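Summary of the model geometry
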Amino acid sequence: MSHHDTDGPTDLFVIGGGINGCGIARDAAGRGLSVTLAEMNDLASATSSSSTKLFHGGLRYLEYFEFRLVREALIERETLLRAMPHISWPMRFILPYHKDMRFESETPTSRLLGLFMPWMKGRRPAWLIRLGLFMYDHLGGRKILPGTRTLSLNDSKEGAPLQDRFDKAYEYSDCWVEDSRLVVLNARDAEARGARILTRTKVLSAVREGDLWRVETQNTENGEIQTHLARMLINAGGPWVGDIIQTKVRINSREGVRLVRGSHIVTRRLYDHDKCYFFQGTDGRIIFSIPYETDFTLIGTTDADHPDPSQKPVCTEEEQRYLIDFANQYFAKALSRDDIVWTYSGVRPLYDDGASSATAATRDYTLKVDAEGGAPVLNVFGGKITTYRRLAESALEQIDSHLNVGKGPWTAGVPLPGGDFPVDGVERMTADLQSQYGFLTDFWARRLVRAYGTDAAVMLGAAQTAQDLGRDFGATLTETEVVWLMTREYARTAEDGVWRRNKLGLRMSEAEIENLHDWMAENRRSSTAAA
Ligand SMILES: Cc1cc2nc3c(=O)[nH]c(=O)nc-3n(C[C@H](O)[C@H](O)[C@H](O)COP(=O)(O)OP(=O)(O)OC[C@H]3O[C@@H](n4cnc5c(N)ncnc54)[C@H](O)[C@@H]3O)c2cc1C
């Protein structure tokens, strides 16, 4: 095992390559701070690749009176959409109305209603949903996204997949985002602005030495130990935030994290339109059904307390059954567990606000600085994918009070890599890409535009035929793209590639993924040898 000392101290050392760590690194690097970020596994390997993938205000949080969070998130949707029109797009949500849908009994709204309208017995009245949607439409400066409307489910394409007892629905807007790509694009942009991004690099300890932190990391592939010095430490460990405070940084902190597991199931495409459903249960919870990866449908999520971050979250049989039963209260054609083609699960690192149920725990974020023992550390609790950019701005405000940053907020309106084109430009770009590269199928061209935006043509370069892109790994994944993923997007393994940089794992056979795995291992070795 070798040991390396890095040169002079950086301004920031960020622990964690999820959306919050990468978002903070990008913002800080763009303000001229020197930044090193360490991620123990792959970028977005934990919570930030297992979300529902919505830039949303969070309609249900209104019932918890989380107006600050909802307003910030609603306004943020369009800012984000403009900065990344490739990996994010508007979606319409159908909320079928039925009088038996109930609140969770703990929300402030249901307590108020229980007081003033006890005869409702926990049911959610239609006027309340309309009020929520009215607020949703008007709380946060909506310009691109269309507003709410009421629709009849009888004889409509939106009603067709549902049971006959649903005849009325509300329809509203939110946005989709490719969560793990969002993380990688933030990391790339941070690096382009001078940050060092180290993956497969685990933080073993961080010790204060006067005004500096001495951070020890280990490369999980070759065991190499490195020491880094930094003026300020950022703990963006997600589910591990508490573990890092207690076992790596060892400071006293009263803040706690509440780990709430959420799981999703994926089926073959269940219906022929491109809208989502927002289903309310009789237990007061809600789930989404979302058109996914062209040929699939995504259903989730659950809320279950999770014991500790070292236990890898999986979608349990019980959760699978719960989601199937929930969806079956709505869909005309009953689903069974045999319809499930893939599942994934993640752990929400929620700020522990003492709420009794996992569903009720706040989704808002909290940033806490500890500077009592010398050099400061900022601990990040909670947060949503949707609010990552704002969270980074708040973090930079805190950082500023310790490091004197100088430059102010800059990220609103600055596109992520490949996102420098108009919000409604995807169709146009897909057609252009196909006319430039005649060998691309519709599926292939659209997939590349959605993943890489204006970088798609940079990646394809001078290719004239599919053969020019080298080896074909299946499902339109070529050698040229894999090299791009390995050299520009930090991918190390087949799993990084086909489950996080894209979702071709849904379409590739086990043998194809195995081949890719071997090819990447071989080429990783030769590139390390060359270096
Ligand atoms: C089921 C579910 C659905 C969700 N849906 C949505 C949604 O639709 N919209 C939305 O806005 N939000 C959603 N969220 C919330 C959102 O996904 C999270 O808030 C966000 O991803 C958290 O990001 P993070 O960077 O804090 O944590 P993470 O992504 O978990 O990143 C933390 C990283 O730190 C690394 N790490 C830990 N310890 C160390 C160490 N010692 N050394 C080096 N690295 C370390 C980990 O490997 C990990 O990659 C959802 C969450 C879940 C679980």
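Residues numbered from 1 in each chain as written. Predicted model: local features only at pLDDT ≥ 70, side-chain atom pairs only at ≥ 80, totals over all residues. Heavy atoms only, no water.

1. A few points about the overall build of the chain
Looking only at helices and strands, one finds 14 helices and 21 strands in the chain. Its C-alpha atoms give the chain a radius of gyration of 23 Å, within 12% of the compact-globule value 24 Å for 531 residues. Taken along the three principal axes of its C-alpha coordinates, the chain extends 70 × 60 × 40 Å. Counting over 531 residues, the chain shows a buried share of 58%. As displayed, the chain has an accessible area near 22000 Å², and 49% of this comes from carbon and sulfur atoms. Computed over 64 positive and 72 negative side-chain charges, the inter-centroid distance for the chain is 4 Å. (Helix = DSSP H or I, 4+ residues; strand = E, 2+ residues; numbered from the N terminus. Rg over C-alpha atoms; globule rule 2.2 N^0.38 Å. Buried < 20%, exposed > 50% of the residue type's maximum accessible area, 1.4 Å probe, protein only. Areas by Shrake-Rupley, 256 points an atom, 1.4 Å probe, with all protein chains shown as cover. Lys, Arg positive; Asp, Glu negative; His and termini not counted. Charge placed at Lys NZ, Arg CZ, Asp CG, Glu CD.)

2. What about the pattern of salt bridges?
Going through the model one piece at a time under the given rule, you end up with 42 salt bridges. With its nearest N and O atoms 3.1 Å apart, the salt bridge here joins Glu319 to Arg261. Placement of the pair is Glu319 in helix α7 (residues 317-328) and Arg261 in strand β12 (residues 257-268), with a sequence separation of 58 residues. For the pair shown, Glu319 and Arg261 are each scored as buried. What emerges from the salt-bridge pattern is a single network uniting Arg68, Glu72, Glu76, Asp364, Arg389, Arg390 and Glu393. (Salt bridge = Lys/Arg side-chain N within 4 Å of Asp/Glu carboxyl O.)

3. Here's the deal with the packing of aromatic side chains
In this structure the tally under the stated criterion is 22 aromatic pairs. Note on Phe93 and Tyr172: the rings are 5.3 Å apart at their centroids and 20° apart in plane angle, and the pair reads as stacked. With Phe93 in strand β5 (residues 88-96) and Tyr172 in strand β7 (residues 168-177), this pair connects stretches of sequence that are 79 residues apart. Each member of the aromatic cluster is reached from another via a ring pair, and the members are Phe166, Tyr271, Tyr277, Phe279, Tyr330 and Phe331. (Phe/Tyr/Trp six-rings, centres within 6.5 Å; stacked < 30°, edge-to-face > 60°.)

4. Brief notes about the site of the ligand
What surrounds the ligand is a group of 39 residues, the closest being Glu39, Ser48, Leu54, Gly383 and Thr386. One nitrogen or oxygen atom from the side chain of Asn20 is found 2.9 Å from an oxygen atom belonging to the ligand. Between an oxygen atom of the ligand and a main-chain N or O atom of Gly383, the distance comes to 2.5 Å. In isolation the ligand exposes 1000 Å². Once the protein is present, 98% of that is buried. (Near = heavy atom within 4 Å. Polar contact = N/O pair within 3.5 Å; in protein donor to acceptor, adjacent residues only side chain to side chain.)

5. A look at the packing of helix α10 (residues 442-452) against helix α12 (residues 479-488)
Contact pair α10 / α12: the axes reach a minimum separation of 14 Å and the direction vectors enclose 10°. Classified by the interaxial angle, the pair formed by α10 and α12 is roughly parallel. Contact residues: α10 offers Arg447, Leu448 and Tyr452, while α12 offers Glu481, Trp484 and Leu485. Of the residues assigned to the contact of α10 with α12, the class counts are 4 nonpolar, no polar and 2 charged. (Axes fitted to C-alpha atoms, helices over the stretch in contact; angles between N-to-C directions. Parallel < 35°, antiparallel > 145°, perpendicular 65-115°, else oblique. Contact = heavy atoms within 4.5 Å. Nonpolar A, V, L, I, M, F, W, Y, C, P; charged D, E, K, R; others polar.)

6. Quick word on a nonpolar patch on the surface
Together, Phe65, Phe67, Leu112 and Phe116 line one region of the surface with nonpolar side chains, adding up to about 400 Å² of accessible area. Position of Leu112 among the secondary structure elements: in helix α3 (residues 108-116). Among the residues examined, Leu112 registers a relative accessible area of 41% and is labelled partly exposed. (Patch = residues over 30% accessible without salt bridge, like charges linked within 9 Å, V, L, I, M, F, W, Y side chains within 5 Å.)

7. Describing the side chain of Asp137
For Asp137, the location among the structural elements is in helix α4 (residues 126-139). Here Asp137 falls in the buried class, since its relative accessible area comes to 14%. Beyond its immediate sequence surroundings of up to four residues, Asp137 is in contact with Arg142, Gly147 and Thr148.

8. Re the pairing of strand β17 (residues 340-351)
The element β17 is largely enclosed, with a buried count of 10 among its 12 residues. Alignment of β12 against β17, held across 11 bridges, turns out to be antiparallel. Residue pairing for β17: Ser263 is matched across the bridge by Ser345. (Pairing = 2+ DSSP bridges.)

9. Things to note about the pairing of β7
Where burial is concerned, most of β7 is hidden: 9 out of the 10 residues are buried. Pairing geometry for strand β4 (residues 54-55) and β7, over 2 bridges, is antiparallel. Paired with Leu54 across the two strands is Trp176, which belongs to β7. As defined by bridge partners, β5 adjoins β7 across 9 bridges and the pair is classed as antiparallel. Along β7, the bridge assignment pairs Ser88 with Val177.

10. Notes on the side chain of Arg77
Residue position: Arg77 is located in helix α2 (residues 67-83). Judged by relative accessible area, Arg77 falls into the buried class, the value being 1%. Beyond its immediate sequence surroundings of up to four residues, Arg77 is in contact with Phe55, His56, Gly57, Tyr136, Arg142, Leu145, Ser173, Asp174 and Cys175.

11. Details of α10
Where α10 is concerned, the buried positions are Trp444, Ala445, Arg447, Leu448, Val449, Ala451 and Tyr452. Buried residues along α10 sit against α5 (179-192), α9 (426-436), α11 (455-460), β21 (477-478) and α12. Looking one or two residues past α10, Gly453 carries a phi angle of roughly 55°, positive in sign.

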